[in-house]
Structure formats: C-alpha cells, structure tokens
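Letter by letter, the chains look like this.
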Amino acid sequence: MTLFRTALRTHAAKSGRRPSAPPREARALPLPVRLLAMLFAFAAMVAFAVVLARLTLEPSPASEALVHSNLHPGRSLHAYLSQPELRDAVKQIGGNLLLGVPFGVLLPVLAPRTRGILRVLALTAAVMLLVELVQGALISGRAFDIDDVILNTAGALVGYLLLGRRLGRVVHPRDRRRTRRGAAKA
C-alpha cells in the first residue's frame, strides 16, 4: 500500500494536482454486535418462515374449484390487473412482492456467502419455487403459479437494494487483505 501511495503522490506532483485520499476501508463492527445482528436476523427469518408457511401452505378448501396452475409468466399478473377491483390486484401483487423482501434484507446478514445480488435472487427463486411446487402438489385449494415466484424474487431484489446490501456489508465487511492479495495475483 505504501508503494501505491508513493506512486500517487509522484503522479500528483508531476501533474500539479493534490493526491486524492486513499479509499476508506470499512471497519468491522465489534464481534458481540455482529453476533447480536446475526441472532436478530436469524430470529426474524424464523418468524418470516412461520408467516410464509401460514400464508402459503394452509389448505383453502373453499377455493378448490377456482384454482388453476399457471406456468406462463405474466398470465396471473394480467388476470390481476384486468379485475375491476384495483384493491384485489394491489393485494395480490403487493403481497407477493412483500413476501420476498425479507429474503433480500436478511440473507446477506445471516450468511456472508449469500451476499451479492445474483446469489440472493437465485436463493430466493429456489425457495419460492419449492414453496409453489409444494402448494401445487400437496395443498388443497392452492396451485403452482410462476408469477408468484417472479414477484417474490422481485421483492427480494427490492429488499436487497434498499437495505440488505448495506446491512450485509456492515455485519460482514469484506476482508481487505484477501482483496489485495487477489488483486496482486491477477
């Protein structure tokens, strides 16, 4: 790092500009605070799993005749939006988006290896696909709907971009030594 700073100063002196400040390194939170954050995230994920199971895996015998599986992306969304009651569309679409948000927020805090937009999206899509498959195969009055998987995954994206990415970085900052070693090897 000293060689890099010296090169920056030399270049700045030749060009007549002031050297820019070195990039700030993220400080790790104290271990007890990190553990507390992870414990809270774990408890929140368990609570979310219970809510998810109650919302999606309880039988609905009254709607057995109305249920049809949807394998075509966008079909259910079109059906929701073409309903005369906007409230029902908002409830269906918004509810499915909200079901994904906790994944985007909590996964980067619980497991540092799940940090990254693609990993969060892939894991959320896999979990929600599994929930939809169980719904369609085992729960009476429920059906598989690919649009639910898409909306849940989009909700995870929103949660990750709004809060999850930052929380994950605060609780699990990247090891700068590894990053520098990896750059030196390349």
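Above this text sits the structure in question.
Predicted model only: the values in this text are computed from it and were never measured. (Residues numbered from 1 in each chain as written. Predicted model: local features only at pLDDT ≥ 70, side-chain atom pairs only at ≥ 80, totals over all residues. Heavy atoms only, no water.)

A. Local environment of the packing of helix 2 (residues 31-56) against helix 5 (residues 117-138). Helix 5 packs onto helix 2 with a crossing angle of 35° between their chain directions and a minimal axis gap of 11 Å. Regarding helix 2 and helix 5, the two cross each other, and that crossing is right-handed. Residues Phe48, Leu52 and Thr56 of helix 2 touch helix 5, and the partners they reach there are Met128, Val131 and Gln135. Residues of the contact of helix 2 with helix 5, tallied by class, amount to four nonpolar, two polar and no charged. (Axes fitted to C-alpha atoms, helices over the stretch in contact; angles between N-to-C directions. Helix = DSSP H or I, 4+ residues; strand = E, 2+ residues; numbered from the N terminus. Left-handed = near helix turned anticlockwise from the far one by under 90°. Contact = heavy atoms within 4.5 Å. Nonpolar A, V, L, I, M, F, W, Y, C, P; charged D, E, K, R; others polar.)

B. Geometry of a nonpolar patch on the surface. A surface patch of nonpolar side chains, about 340 Å² in accessible area, is lined by Val158, Leu162, Leu163 and Leu167. Examined against the element boundaries, leucine 167 turns out to sit in helix 6 (residues 146-171). (Patch = residues over 30% accessible without salt bridge, like charges linked within 9 Å, V, L, I, M, F, W, Y side chains within 5 Å. Areas by Shrake-Rupley, 256 points an atom, 1.4 Å probe, with all protein chains shown as cover. Salt bridge = Lys/Arg side-chain N within 4 Å of Asp/Glu carboxyl O.)

C. The arrangement of the pattern of salt bridges in detail. For the structure shown, the criterion picks out one salt bridge. Note that glutamate 58 is salt-bridged to arginine 54, the shortest N-O span being 3.0 Å. Take arginine 54: its relative accessible area is 55%, and that puts it in the exposed class. (Buried < 20%, exposed > 50% of the residue type's maximum accessible area, 1.4 Å probe, protein only.)

D. Main features of the nonpolar core. Met45, Phe48, Leu52, Phe103 and Met128 are the most contacted members of the largest nonpolar core, which has 19 residues in total. Top contributing element to this core by residue count: helix 4 (residues 86-110), with six residues. With sequence-adjacent residues up to four places away left out, phenylalanine 48 is seen in contact with Leu99, Pro102, Phe103 and Met128. (Core = buried A, V, L, I, M, F, W, Y, C linked by side-chain atoms within 4.5 Å.)

E. Molecular detail of helix 5. In a regular helix each residue adds 1.5 Å, so 22 residues correspond to 32 Å; helix 5 covers 31 Å between its end C-alpha atoms and thus fits that length. Buried residues of helix 5: Val120, Thr124, Met128, Val131, Glu132 and Gln135, and no others. Down the axis of helix 5, the sector holding all buried residues measures 95°, keeping them to one side. Exposed positions of helix 5 whose direction lies more than 90 degrees from the buried face are Leu118, Arg119, Leu130, Ala137 and Leu138. If you follow the buried residues of helix 5, they end up packed against helix 2, helix 4 and helix 6. (Expected span 1.5 Å × (residues − 1). Arc of directions from axis to C-beta.)

F. Summary view of the environment of valine 101. Position of valine 101 among the secondary structure elements: in helix 4. The class for valine 101 is partly exposed, based on a relative accessible area of 24%. Residues valine 101 and tyrosine 160, 59 residues apart in the sequence, show an inter-C-alpha distance of 7.5 Å. Non-local contacts of valine 101, meaning those with residues more than four positions away in its chain, are made with Gly155, Ala156 and Gly159.

G. Geometry of the environment of leucine 77. Mapped onto the elements, leucine 77 comes out in helix 3 (residues 75-81). Residue leucine 77 is classed as partly exposed on the basis of its relative accessible area, which comes to 23%. Taking the C-alpha atoms as reference points, leucine 77 and aspartate 147, separated by 70 residues in sequence, lie 6.9 Å from one another. Filtering out sequence-adjacent residues up to four positions away, leucine 77 remains in contact with Ile93, Asp147 and Leu151.

H. Examining the side chain of glutamine 135 more closely. As for its placement among the helices and strands, glutamine 135 is situated in helix 5. The exposure class assigned to glutamine 135 is buried, which follows from its relative accessible area of 5%. The residues touching glutamine 135, leaving out its near neighbours within four places in the chain, are Thr56, Leu57, Arg142 and Ala143.

I. Representation of a positive patch on the surface within the structure. Taken together, the side chains of Arg113, Arg119, Arg165, Arg166, Arg169 and Arg174 define a basic patch exposed on the protein surface. Considering each element in turn, the positive patch owes the most residues, three residues, to helix 6. With respect to the secondary-structure elements, arginine 166 resides in helix 6. (Lys, Arg positive; Asp, Glu negative; His and termini not counted. Charge placed at Lys NZ, Arg CZ, Asp CG, Glu CD.)

J. Local environment of the packing of helix 4 against helix 6. Two elements in contact, helix 4 and helix 6, have axes whose closest approach is 5 Å; the angle formed by their N-to-C orientations is 30°. The orientation of helix 4 with respect to helix 6, classified from their angle, is roughly parallel. Considering only the axes of helix 4 and helix 6, their crossing is right-handed. Looking at the contact of helix 4 with helix 6 residue by residue, the class counts come to 15 nonpolar, eight polar and one charged. (Parallel < 35°, antiparallel > 145°, perpendicular 65-115°, else oblique.)

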